[in-house]
Amino acid sequence: MLTSFRTLEFLGLSVWLGSDIFLSFVVAPGAFRVLASNRDQAGAVVGFALTKMHLIGIACGVVILLVRLIRTKAVASMVSPVALCLMLMIAVTAVSQLTVTPKMAALRTQMGSIQAMAVDSPLLVAFTKLHQVSVTLESGVLLAGIACMFLMVRELASK
């Protein structure tokens, strides 16, 4: 049973990291390459995928924490480096999904078409800043996830 729980922990983190990597390095660049003539549609595709990825990530994080709690039978395991890393990932993902993503969507609606906006438009400038924040948050989640994977492997190797 212990092996099954650990497998679920690693699977959950792998799904989360894999979806983040796939969206960042395949879906987003691919959407903008394939839909080069309609960047608004490409952005809509990426925005849709980002929301789904965030929800999957948060669900994976919660499941991993619950499985760890059941496996260890100790509330103290929730303050281990692995659990703290997971909580950070969940929090950053939630901030991105609940604050940054809706603001970007609202700006996108106000602009009508991003590609038709003047470069110095205040709406486009605000959107670009939020996009940079979004990328930074996603990068943070990815780095924290890699650290979390390392910590999980180290935790397993030390037993």
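Refer to the preceding data block for the structure.
Below or above, wherever it landed, is the structure these notes cover. It should be emphasised that the depicted structure is a prediction, and the values quoted were computed from it without experimental measurement.

By the definition in use, this model includes 5 salt bridges. The closest approach of N and O atoms between Arg-71 and Glu-9, which form a salt bridge, is 2.6 Å. Remark: Glu-9 occurs in helix α1 (residues 2-34) and Arg-71 occurs in helix α2 (residues 39-72); sequence separation between them is 62 residues. Taking the relative accessible area as the measure of exposure, Glu-9 reaches 1% and is therefore buried. Among the charged side chains, a salt-bridge network with shared partners connects Arg-6, Glu-9, Arg-68, Arg-71 and Glu-155.

Over its 31 residues, helix α3 (residues 81-111) extends 43 Å from the first C-alpha to the last, a length consistent with the 45 Å expected when each residue adds 1.5 Å. Largest kink in α3: about 30°, centred on Ser-96. Phi for Gly-112, located one or two positions after α3, is positive at around 80°.

What follows concerns α1. Here α1 is 33 residues long and its end C-alpha atoms lie 45 Å apart, about the 48 Å a rise of 1.5 Å per residue gives. At Leu-23, α1 is bent by approximately 40°, the largest bend along its length. Of all the positions in α1, only Phe-5, Arg-6, Glu-9, Gly-12, Leu-13, Trp-16, Leu-17, Ser-19, Asp-20, Leu-23, Ala-28 and Ala-31 are classed as buried. Residues of α1 that are buried in the fold lie against α2, α3 and α4 (122-157).

Each value, and the rule that gives it
- Residues numbered from 1 in each chain as written.
- Predicted model: local features only at pLDDT ≥ 70, side-chain atom pairs only at ≥ 80, totals over all residues.
- Heavy atoms only, no water.
- Salt bridge = Lys/Arg side-chain N within 4 Å of Asp/Glu carboxyl O.
- Helix = DSSP H or I, 4+ residues; strand = E, 2+ residues; numbered from the N terminus.
- Buried < 20%, exposed > 50% of the residue type's maximum accessible area, 1.4 Å probe, protein only.
- Expected span 1.5 Å × (residues − 1).
- Bend = angle between axes of the 7 residues up to and from the residue.
- Contact = heavy atoms within 4.5 Å.

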